[in-house]
Every structure is written in C-alpha cells, then in structure tokens.
Amino acid sequence: MLIDLGFKYDSSIFPIHHDRLWDSDAQRFPGILQRRRDSIVEFPLSTVRHLGLNWPIAGGAYLRFLPSWVIRSGIRRINQVEAQPAIVYLHPWELDPNQPS
C-alpha cells in the first residue's frame with residue numbers, strides 16, 4: 001500500500017512475533033522491497049536474534065524498560081558482529097516532559 005501511495009522509504013516493519021501489526025518473517029536489516037511496478041526502501045526496527053526468535057532492542061518502550069547494558073549490548077552486536085546499522089526510534093511524546101505518567 002505504501003508503494004502505491006508513492007512512499008519511497010518505510011520504517012513500520014517490526015520483525016518480531018507479536019499478535020498485532022508486526023511480522024516475524026520480515027527481514028531484520030535495511031533493504032529494498034521490490035513490487036511489480038515500483039519499490040520501497042525498508043528500515044526495519046532493530047532486533048537481536050536469540051534462541052531462534054527476534055527480540056526488540058532499541059526503541060520506544062524498550063528504551064525505558066530494558067536495562068541500558070542490554071540495549072548497548074544489542075546495538076553493539078548489530079553493529080559489530082552482524083555489521084548492520086541499528087535503527088533506534090523514539091515517539092515524539094516520549095520527549096515531552098509534560099506528558100502524563
């Protein structure tokens with residue numbers, strides 16, 4: 001649908017197993033998704049592969065709930081061992097100090 005709407009880039013794929021929205025079979029790293037008429041560059045949200053599953057590591061609630069050493073270790077593994085970029089994301093409301101808790 002995004003390709004049909006003219007988008008050239010997307011970062012909505014989260015390659016984890018979850019009951020809503022996400023796709024555990026999706027590619028874990030940036031790449032081009034080619035369709036018949038056009039393509040889109042995908043930047044999937046970062047995961048670390050462990051025990052046969054993809055585990056979220058670097059964004060949103062995971063930045064708040066996971067210990068910082070887990071996040072650092074995951075990003076280091078993605079960057080150094082897998083030689084890929086880590087995609088770290090924030091929601092705009094996470095930067096707003098006036099948000100209700």
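Rules behind the numbers
- Per chain, residue numbering runs from 1 following the sequence as it is written.
- Per-residue local features are limited, in this predicted model, to residues with pLDDT of at least 70; the limit for side-chain atom pairs, both in listing and counting, is 80 or more; totals at the level of whole chains, interfaces and linings are taken over all residues.
- Only heavy atoms go into the side-chain values, all of them from the structure, while hydrogens and water stay out.
- Within the patch definition used here, like charges are joined within 9 Å and nonpolar side chains (Val, Leu, Ile, Met, Phe, Trp, Tyr) within 5 Å, considering only residues with over 30% relative accessible area and no salt bridge.
- Where accessible areas are quoted, they stem from the Shrake-Rupley method and a 1.4 Å probe; at the residue level, only the protein chains shown are allowed to cover.
- By definition here, a salt bridge exists when the distance from a side-chain nitrogen of Lys or Arg to a carboxyl oxygen of Asp or Glu is within 4 Å.
- Each helix is a run of H or I in the DSSP string that is no shorter than four residues. Each strand is a run of E no shorter than two, and both are numbered from the N terminus.
- Three labels apply to residues, based on accessible area from a 1.4 Å probe with only protein chains included: buried if under 20% of the type maximum, exposed if over 50%, partly exposed otherwise in between.
- Whether two strands pair depends on DSSP finding at least two bridges between them.
- Pairing of N or O atoms within 3.5 Å defines a polar contact, subject to two protein rules: one partner must be a possible hydrogen donor and the other a possible acceptor, and residues neighboring in sequence count only if both atoms are side-chain atoms.
- Only centres within 6.5 Å qualify two rings of Phe, Tyr or Trp (six-membered ring in Trp) as a pair; their planes then separate them into stacked at under 30 degrees, edge-to-face at over 60, and tilted for everything else.
- By definition here, charges over rings are those cases where NZ of Lys or CZ of Arg is within 6 Å of the ring centre and within 35 degrees of the ring normal.

### Comments concerning a nonpolar patch on the surface
Here comes step 1: The grouping of Met 1, Leu 5 and Phe 7 at the surface amounts to a nonpolar patch, some 390 Å² of accessible area in total.
Here comes step 2: Mapped onto the fold, Leu 5 is located in the segment before strand E1 (9–10).
Here comes step 3: The exposure class assigned to Leu 5 is exposed, which follows from its relative accessible area of 60%.

### Focus on the pairing of strand E3 (residues 39–42)
Here comes step 1: Residues Ile 40 and Glu 42 line the buried face of E3, whereas the alternating positions Ser 39 and Val 41 sit on a face that is not buried.
Here comes step 2: Bridge count between strand E2 (residues 31–34) and E3: four bridges; the pairing is antiparallel. The residue bridging Leu 33 from the neighbouring strand is Ile 40, located in E3.
Here comes step 3: The hairpin turn running from E2 into E3, its antiparallel successor, is four residues long.

### Some words on the pattern of salt bridges
Here comes step 1: On inspection of all chains with the given rule, the structure shows four salt bridges.
Here comes step 2: The partner of Arg 37 in a salt bridge is Asp 4, and the shortest N-O contact between them spans 3.4 Å. Here Arg 37, found in the loop between E2 and E3, pairs with Asp 4, found in the segment before E1; they are 33 residues apart in sequence, far enough to count as distant.
Here comes step 3: The residue Arg 28 makes a salt bridge to Glu 82 at a minimum N-O spacing of 2.8 Å. With Arg 28 in the loop between E1 and E2 and Glu 82 in the segment after helix H2 (68–81), this pair connects stretches of sequence that are 54 residues apart.
Here comes step 4: With relative accessibility at 24%, the residue Glu 82 sits in the partly exposed group.

### Points about the side chain of Asn 54
Here comes step 1: Structurally, the position occupied by Asn 54 is in strand E5 (residues 53–56).
Here comes step 2: Separated by 2.7 Å, the side chain of Asn 54 and the backbone oxygen of Pro 15 make a polar contact.

### With respect to the packing of aromatic side chains
Here comes step 1: If you walk through the whole model with that rule in mind, you get three aromatic pairs.
Here comes step 2: An angle of 80 degrees between the planes, with centres 6.1 Å apart, marks the rings of Phe 14 and Tyr 62 as edge-to-face. Here Tyr 62 lies in helix H1 (residues 60–65) and Phe 14 lies in the loop between E1 and E2, a separation of 48 residues in the sequence.
Here comes step 3: Since its relative accessible area comes to 23%, Tyr 62 is described here as partly exposed.
Here comes step 4: Site record: aromatic cluster; members linked through ring pairs are Phe 14, Tyr 62 and Tyr 89.
Here comes step 5: Lying over the aromatic face of Phe 65, Arg 64 brings its terminal NZ or CZ to 5.4 Å of the ring centre.

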